[in-house]
Protein chains: 4
Amino acid sequence: MLEELKQDVLQANMSLVKYGLVVLTWGNVSGIDRNKNLVVIKPSGVDYDKLTIDNLVVVDLSGKVVEGDKRPSSDTPMHIELYKAFKEIGGITHTHSNYATMFAQACKEIPCLGTTHADHFYGSIPLTRFLTKAEVEEAYELNTGKIIIERFKDLNPISTPGVLVAGHAPLAFGKNAADSVRNSLILERVAEMALGTYHINRNVEKLPDYISEKHYQRKHGPDAYYGQKK
Amino acid sequence: MLEELKQDVLQANMSLVKYGLVVLTWGNVSGIDRNKNLVVIKPSGVDYDKLTIDNLVVVDLSGKVVEGDKRPSSDTPMHIELYKAFKEIGGITHTHSNYATMFAQACKEIPCLGTTHADHFYGSIPLTRFLTKAEVEEAYELNTGKIIIERFKDLNPISTPGVLVAGHAPLAFGKNAADSVRNSLILERVAEMALGTYHINRNVEKLPDYISEKHYQRKHGPDAYYGQKK
Amino acid sequence: MLEELKQDVLQANMSLVKYGLVVLTWGNVSGIDRNKNLVVIKPSGVDYDKLTIDNLVVVDLSGKVVEGDKRPSSDTPMHIELYKAFKEIGGITHTHSNYATMFAQACKEIPCLGTTHADHFYGSIPLTRFLTKAEVEEAYELNTGKIIIERFKDLNPISTPGVLVAGHAPLAFGKNAADSVRNSLILERVAEMALGTYHINRNVEKLPDYISEKHYQRKHGPDAYYGQKK
Amino acid sequence: MLEELKQDVLQANMSLVKYGLVVLTWGNVSGIDRNKNLVVIKPSGVDYDKLTIDNLVVVDLSGKVVEGDKRPSSDTPMHIELYKAFKEIGGITHTHSNYATMFAQACKEIPCLGTTHADHFYGSIPLTRFLTKAEVEEAYELNTGKIIIERFKDLNPISTPGVLVAGHAPLAFGKNAADSVRNSLILERVAEMALGTYHINRNVEKLPDYISEKHYQRKHGPDAYYGQKK
């Protein structure tokens, strides 16, 4: 069942280790089959070096396990909520990567300070609010999904493919599982560069809009000319 | 004698190198057999690439070497003192890992700034006081154990499985040797993230209690639902 | 066609990965054959692990593709503009390497703070101005080349073989492709050291001129005595 | 000639790469045969991956090349001057390692902030003054040796086995070549920890003397009990 998607999700999870985005079990990647409305996700608390295609878990959009012996990631309700709200995305990566987590803990959005950022993220990397006590008690992971969706009211998860959850860590979105890992890596590097930039110049201003706009459009706009023709 | 425990302690010591938690001989891991009241510990000053199962040392709770040709770690009296006071623990890891040591040297506890911390450590990562001159002269390593125990008067070494010794470096505890290494790695990463968080926002406040409580309980509480069923 | 140059440019591009100067597709190296006035350059948006000698692109100094199935790097007009202005150089490396990019984003030149810098870069590492809106709209990459040339009005790209483009990232020059990568690595390390130096001492002053002069001359001056006789 | 010493010096030079203490050609290790008064040293400007036992250079204490086709390191006069003044040492390592170089560039000594430092360096890591213009012009490398010796007027290069040359980079000493590399690594790690410690607590005070004294003595004093019996 869903062999190709499972293979993608497995590879995507393993690439988190290769890119240094996770240690221990601090992360998970999922992918969705939009025709069947089924999500493949990492099992909860399983070390990456013990992860195989057979212990990935398939869930439907109600959260019910459709295939697999393991419990799915405890963050599954959040993933599902995001897939339901963001129809454009096909993959989600959640990590506690070092630098992006520092900004999440510091409760600071990451403004666009340079073209590396502008090439990949349209505008600032957004930050959610904190969950309320009632939201935590009612349904923690599900409501984490909801406050992300709330923050994206005026944002597009394809052009701004990542978010910082206040006091927690980053998530990244993508057209598929691999693409969401790629955006997770970009977010981490952009965060690291932002931290260093503030170190050198505490009062740095964001990149002029006409430059960030140009960089985003040359990669992702209707007349994009970066990369090879598809 | 104690072949299985020795194997665990050897692997745990070697994983310090793999995780980048030690260079040279700056660290040691021990494990205890609670039935026999015997501790297996790294020999003193032996490089990790020369460490074999045969040069591990077995000591009893009076500190007497029961098996092994080598001198045990000079920190052995501290390990024994901790095993005697903390009945719940089965392993201890001492390192001079980079970021945790920075906080120990700066004499600052690490407050819970995010869910990465909350997932693993209940409350702040505690800091001991300095030893007095008399304590240093009387029995340095033994008294280092004693000031840790003093600091844990109202703390549980399983739910707060690590400590910073003022001016020195971190220790981590665990259910066994491998678990204490794992907590040592977590402490190091939490320290690194805390340093960066303060860099971005010097006035950051600790995570709201209801979020840190939730995170700790979902992993370690009576109704924990993170990970696989045991 | 140009097999030797292609081999050099391929190796130079791959060494960016080895030195940790790029992730994903964030960089490109080119080399020029000064007799034929042809430039070999990385194709646009191709991952380094898929780069082969066959997908390198050959362009002439008008920007026309002379050989290759792929689109050349979108930065090609900038490379060409620089080769036309700086006759002494044979290779150009553009990366978004971490520390150099921090300084570019912070819009700060890197003064000569020590002999590591003085050994390789004569004077400060220069910073361009921002492009104007009109320049961005007219010909972004070409005009990026032009503002670098403007900044080098009184500088020599062999003795000061690198530049920070404001809000963007570094470029490095060299006698050939490999040499430009080498200078790219040096620029990155010099930037990292400068960041840390300012951390320790915000008011540090640049190295006395007579020391930086000595270091540059002993490596690159007419009586240079560093290294082996050629 | 001196095959054993050459093998030691070769291994010591190569371990600089393994420990991440050098990139490119930014470092050199030498060792001395005290009976023959001959020094084995790295050739100048040779990349580490091209270094073999056959291109090491043997010089006498007047600086004359006794064996070898290559030019010796341009820092050879400094090494010789130090061997003549510090009779106790058998090896010298010079690097531009990241963190130690930051302190050298910032012109700040590294006070003893914790037991990692105290275990290996007695007192602060000293800093030289800058060379004068006349000293640079007269004999740059030789006089660099002389200002180190001047700084060690009341210091012992075995108990304080390293130094920061103002505006330049660190040197480390040892009983032999390998030991000097080990001290070079320790100096680098101590510098990194010091930088982070100041980051967390700008006003941190040095470790109480009775603790640093204890740590140094338990490793190096007449009643040392760290490590195995020799």
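Bear in mind that the values here come from a model prediction, so they are computed numbers and not experimental data. (Residues numbered from 1 in each chain as written. Chains lettered and ligands numbered in written order. Predicted model: local features only at pLDDT ≥ 70, side-chain atom pairs only at ≥ 80, totals over all residues. Heavy atoms only, no water.)

Another aspect to go through is the overall build of chain A. Scanning chain A for helices and strands turns up 7 helices and 7 strands. Listed N to C, the secondary structure of chain A is α-β-β-β-β-α-β-α-α-α-β-β-α-α in terms of helices and strands. On C-alpha atoms alone, chain A measures out to a radius of gyration of 17 Å, which is about the 17 Å that the 2.2 N^0.38 rule sets for 230 residues. With respect to the principal axes defined by its C-alpha atoms, chain A has extents near 50 × 50 × 35 Å. Counting over 230 residues, chain A shows a buried share of 64%. Sequence separation of at least 24 residues holds for 64% of the intrachain contacts in chain A that already meet a minimum separation of 6. Accessible surface, chain A: about 8800 Å² in total, of which carbon and sulfur atoms supply 49%. Charge separation in chain A, taken as the distance between the mean sites of 27 positive and 28 negative side-chain charges, equals 3 Å. (Helix = DSSP H or I, 4+ residues; strand = E, 2+ residues; numbered from the N terminus. Rg over C-alpha atoms; globule rule 2.2 N^0.38 Å. Buried < 20%, exposed > 50% of the residue type's maximum accessible area, 1.4 Å probe, protein only. Contact = heavy atoms within 4.5 Å. Areas by Shrake-Rupley, 256 points an atom, 1.4 Å probe, with all protein chains shown as cover. Lys, Arg positive; Asp, Glu negative; His and termini not counted. Charge placed at Lys NZ, Arg CZ, Asp CG, Glu CD.)

Moving on, we get to the relation of the copies chain A and chain C. Rotating chain A by 90° and moving it 0.0 Å along the rotation axis overlays it on chain C with an RMSD of 0.0 Å. Here the copies are linked by what is in effect a four-fold axis. The C-alpha atom lying nearest the rotation axis in chain A is that of A:His199; the distance is 5.7 Å. An overlap of only 3% is found between the interface residues of chain A and their copies at the interface of chain C, pointing to separate contact surfaces. (Least-squares fit on C-alpha atoms with pLDDT ≥ 70 in both.)

Superposition record for chain D on chain C: RMSD 0.0 Å, screw rotation 90°, translation along axis 0.0 Å. When you check the interface residues of chain D against chain C, a mere 3% turn up at the interface there too, and the two sides of the contact use different surfaces.

Turning our eyes to something else, we now look at the packing of helix α3 (residues 98–106) of chain B against helix α6 (residues 177–200) of chain B. Residues and elements named next belong to chain B. Relative to each other, α3 and α6 sit at 65°, their axes nearing to 7 Å. By the angle between their directions, the pair α3 and α6 is classed as roughly perpendicular. Where α3 crosses over α6, the handedness of that crossing is left-handed. The segment α3 lies against α6, with Asn 98, Tyr 99, Ala 100, Met 102 and Phe 103 engaging Leu 187, Glu 188, Ala 191, Glu 192, Ala 194 and Leu 195. Taken together, the residues of the contact of α3 with α6 sort by class into 8 nonpolar, 1 polar and 2 charged. (Axes fitted to C-alpha atoms, helices over the stretch in contact; angles between N-to-C directions. Parallel < 35°, antiparallel > 145°, perpendicular 65-115°, else oblique. Left-handed = near helix turned anticlockwise from the far one by under 90°. Nonpolar A, V, L, I, M, F, W, Y, C, P; charged D, E, K, R; others polar.)

Right, let's talk about the sheet that holds strand β4 (residues 65–67) of chain B for a bit. Residues and elements named next belong to chain B. Judged by pairing direction, the sheet is antiparallel, and its 7 strands sit side by side in the order β4-β3-β2-β1-β5-β7-β6 without closing on themselves. Among the strands making up the open sheet, the edge pair consists of β4 and β6 (162–164). This sheet shows a mean twist of 25° between the axes of neighbouring strands, independent of strand direction. Both strand β1 (residues 27–33) and strand β2 (residues 38–41) contribute to a ladder of 4 bridges, which runs antiparallel. Paired with Ile 32 across the bridge in β2 is Val 39. This element, helix α1 (residues 3–18), spans β1, β2, β3 (57–60), β4 and β5 (91–95) of the sheet and lies at about 160° to β1. (Pairing = 2+ DSSP bridges.)

Our focus in this paragraph is the packing of aromatic side chains. All told, the structure shown has 16 aromatic pairs over all chains when counted by the stated rule. Between A:Tyr122 and A:Tyr216, the ring centres sit 5.1 Å apart and the planes meet at 65°, which makes this aromatic pair edge-to-face. Residue A:Tyr122 is found in the loop between α4 (115–118) and α5 (133–151), and its partner A:Tyr216 is found in helix α7 (residues 209–220); the two are separated by 94 residues along the sequence. Here a set of aromatic residues connected by ring pairs shows up, and it is made of A:Phe86, A:Phe152 and A:Phe173. We note C:Lys42 situated over the ring of C:Tyr48; from NZ or CZ to the ring centre the distance is 4.9 Å. Seen from the ring of D:Tyr226, D:Lys219 lies directly overhead, with NZ or CZ sitting 4.0 Å from the centre. (Phe/Tyr/Trp six-rings, centres within 6.5 Å; stacked < 30°, edge-to-face > 60°. Lys NZ or Arg CZ within 6 Å of the ring centre and 35° of its normal.)

Here the focus is the pattern of salt bridges. Counted under the stated rule, the structure contains 48 salt bridges over all chains. Note that A:Glu81 is salt-bridged to A:Lys146, the shortest N-O span being 3.1 Å. In this pair, A:Glu81 is assigned in helix α2 (residues 76–85) and A:Lys146 in helix α5, connecting sequence segments 65 residues apart. Under the relative-accessibility criterion, A:Lys146 is labelled partly exposed at 40%. With a shortest N-O distance of 2.5 Å, B:Arg218 and A:Glu141 are connected by a salt bridge. Within this pair, whereas B:Arg218 is found in helix α7 (residues 209–220), its partner A:Glu141 is found in helix α5, the two belonging to separate chains. Take B:Arg218 and A:Glu141: they sit in the same class, and that class is buried. (Salt bridge = Lys/Arg side-chain N within 4 Å of Asp/Glu carboxyl O.)

Quick look at the nonpolar core now. Membership of the largest hydrophobic core comes to 46 residues, with the highest contact counts inside it found for A:Leu16, A:Val40, A:Leu56, A:Phe103, A:Ile110, A:Ile125 and A:Leu164. Within the residue set of this core, elements represented by two or more residues are α1 (3–18), β2 (38–41), α3 (98–106) and α6 (177–200) of chain A. If sequence neighbours within four positions are ignored, A:Phe103 has contacts with A:Lys108, A:Glu109, A:Ile110, A:Leu164, A:Ala191, A:Ala194, A:Leu195 and B:Ile200. Within the second largest apolar cluster, 45 residues are counted, among which are D:Leu2, D:Leu10, D:Tyr48 and D:Val204. (Core = buried A, V, L, I, M, F, W, Y, C linked by side-chain atoms within 4.5 Å.)

Our focus in this paragraph is the side chain of D:Lys219. All names here are of chain D. Within the secondary structure, Lys 219 is located in helix α7 (residues 209–220). For the buried residue Lys 219, which engages in no salt bridge, the nearest side chain bearing the opposite charge is Asp 119, 4.4 Å off. Residues contacting Lys 219, with those up to four places away along its chain left out, are Asp 119, His 120, Ala 224 and Tyr 226.

Let us now look at the state of the cysteines. As enumerated under the stated definition, the model contains 0 disulfides over all chains in all. No disulfide involves B:Cys112; its nearest neighbouring cysteine sulfur is the one of A:Cys107, lying 12 Å away. (Disulfide = S-S within 2.5 Å.)

Looking now at the sheet that holds strand β7 (residues 170–174) of chain D. Residues and elements named next belong to chain D. What the 7 strands build is an open sheet, ordered β4-β3-β2-β1-β5-β7-β6; its pairing is antiparallel. Among the strands making up the open sheet, the edge pair consists of β4 (65–67) and β6 (162–164). Geometrically, the sheet is characterised by an average inter-axis angle of 25° between neighbouring strands, direction not taken into account. Both strand β5 (residues 91–95) and β7 contribute to a ladder of 4 bridges, which runs antiparallel. Within β7, the position partnered with Ile 92 by the bridge is Phe 173.

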